[in-house]
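# Observations on the three-dimensional arrangement
The chain contents come next:
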Amino acid sequence: MKSVARQTAFYALILGVWFLIARLRIWPPYLFPPPQAVLQALWAGFADHSFWIAIAVSMKRIAIGYALSVVIGIVLGLGMATSKFLEQTLGGLMVSLQSLPSICWLPMAVLWFGLSEKAILFVVVMGSVLSVTISMETGRKQMPKIYAMAGRNLGAHGLKLFLFVLFPASLPYLLTGLKQGWAFAWRSLIAGEMIFVSLGLGQLLMMGRDLNDMSQVIAVMILIIAIGFLIDGLVFSSIERRLQCKWGLTPAT
Amino acid sequence: MTASFRPFASMSDVLGAPAWVSAAAPAQRVVDEAISKVCLQDITLRYKTNGSELLALDRINLQVKAGEFLCIVGPSGCGKSTLLHLIAGLQQPTSGTVLIDGQPVHAPGTDRILIFQELGLFPWLTVAQNVEFGVKMKGIPRAERKLKAGYYLRLVQLSQFAESCIHQLSGGMRQRVALARALATEPDVLLMDEPFAALDAQTRDLLHDELERIWEETGRTIIFVTHNVREAARLGDRVALFTFRPGRIKREILVEVPRPRQMEDVNVTQCAKGILDDLREEINKSLEQEYKLRP
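In this text, all values refer to a predicted model and were calculated from it rather than measured experimentally.

### So, the overall build of chain A
Across its full length, chain A carries 10 helices and 0 strands. Secondary structure of chain A in N-to-C order comes out as α-α-α-α-α-α-α-α-α-α. The dimensions of chain A, computed from C-alpha atoms along their principal axes, are 70 × 55 × 30 Å. Expressed as a percentage of the 253 residues in chain A, the buried residues total 42%. Restricting to contacts in chain A with at least 6 residues of sequence separation, those with at least 24 account for 69%.

Structure below.
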């Protein structure tokens, strides 16, 4: 209860200071809009459906891109965990590629795929696949050997062994990578959309700049934060909680 | 042979007969003298450990009859657990063959289930789902699976914990889940690797009684590895004593104490004492070797 009160007070303070500074009119309103202008921009954006469309387009892109990188990442990670050769070759490459900001893939994507959906998907996948791969590899390696043995002993092999034993057993490790991969995918998507692709939240953000409309810029930024926060809180945290309860990693409440 | 697989009848009276069990079978354990269920022929296993070669198992020959309860005792490091892995098909011997009903085995199979020392229960599944696992892998339909899981959970007296998570259970309860999970696949041979080593004495005594009862109810062939000689004498029809490195069978002892037995029975204690004298020799050997390695 106390923490909720504290948080409310904190955000109220930010809003208040923001309101006051805007009131002082040190900068013109199109550069430093008051909170109510941002609220208005949010309202207007949803009212004329432009925000809804942008959200739908961005969500579709991230769904496809993220799903692709999860599948590719799991396959690569499993491969690296089982083959010494892949680990020593691909493993090193993966780690070094991690230091490359995902937006650096954009020029390559544009040259290969043109200004198309494929290009943006490429950037999203390259941005998030490494986290998934690496966490799947550590998950497969660090899970107690007994699970795989018990699974084989009870008649699981091949795909069944993976689906019913190896995958769930590595989920606590994999989840970290899935979460991180999601965050990277989201960032890569917005960055990519800002630069070239039509529609989407990133493009809406740039449109605000082009129109000298700071209210819209801030409104879209709030949207991007809110969506990222919601997915993290609703999807990943609830999976995490269920997992922890089931595995007994934290005392069940 | 088949007679040994349907002796659920007496338990079924108590628990309600499951559909797949023929209730007509008499409730008695049938030891089929003619055919050996498990037959180990000249099993040899060598390890390569950083340059030097270790002979872990040396020409093991062993026959286990259908429905028999065989205990294997030996000092730690004698390769008795490894032998179970070989029978389970999780590992291949350097030479020699494992025969089940006269057929050589090369891979794991649900006709012989190993209960690991660490159990290896799946924490992402509930108790009931764990018990169902092997049955599910066999591709048996959901309804029948539930029925079987329910039956074996009752058999180990864990029905009210069906929906619990593994981490909520005590050590003894986990032990029983592992037993139910193994039994649910209805294996001919149950391989148990020091399953009760980590339990307190009271729980262990309780589980001994329960295991003996379930064995008599289900007529499974059990190979039970332990380092505890009294446990072996308490449970086994026969005890095979292993030597320390390389693992060989030093002696086989028939335990002719009537059942049900108790750990404290004079006859059990006496039998254990006889085995222990031999085992001590091996333990001393293992200690000697260990000290010799340290300058």
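Now that the structure is up, let's keep going.
### Things to note about the pairing of strand β6 (residues 112–115) of chain B
Residues and elements named next belong to chain B. Residues R112 and L114 line one face of β6 and the alternating positions I113 and I115 line the opposite face, and both faces are buried. Across 4 bridges, the pairing between β6 and strand β7 (residues 189–193) is parallel. Counterpart to L114 in the pairing with β7 is L191.

### Quick word on empty space enclosed by the protein
Under the counting rule described, the total for this entry stands at 1 cavity of 30 Å³ or more. Taken as a whole, the largest cavity spans an internal volume of roughly 60 Å³. Looking at the largest cavity, the residues that line it are A150, N153 and L154 of chain A together with I113, L114, I115, L119, A178, R181 and A182 of chain B. Tallied by class, residues from the lining of the largest cavity come to 8 nonpolar, 1 polar and 1 charged.

### Notes on the confidence of the model for chain A
Scored by pLDDT, chain A comes out at a mean of 88, with 98% of its residues at no less than 70. Highest mean pLDDT in chain A belongs to helix α3 (residues 50–82) of chain A (92); lowest belongs to helix α4 (residues 84–97) of chain A (86).

Rules used in this analysis
Residues numbered from 1 in each chain as written. Chains lettered and ligands numbered in written order. Predicted model: local features only at pLDDT ≥ 70, side-chain atom pairs only at ≥ 80, totals over all residues. Heavy atoms only, no water. Helix = DSSP H or I, 4+ residues; strand = E, 2+ residues; numbered from the N terminus. Buried < 20%, exposed > 50% of the residue type's maximum accessible area, 1.4 Å probe, protein only. Contact = heavy atoms within 4.5 Å. Pairing = 2+ DSSP bridges. 1 Å grid on protein atoms, 1.4 Å probe; cavity = no way out; pocket = protein on both sides within 12 Å on 5 of 7 lines; lining within 4 Å. Points joined across faces, edges and corners; volume = space filled by probe spheres on them. Nonpolar A, V, L, I, M, F, W, Y, C, P; charged D, E, K, R; others polar. pLDDT = per-residue confidence, 0-100.

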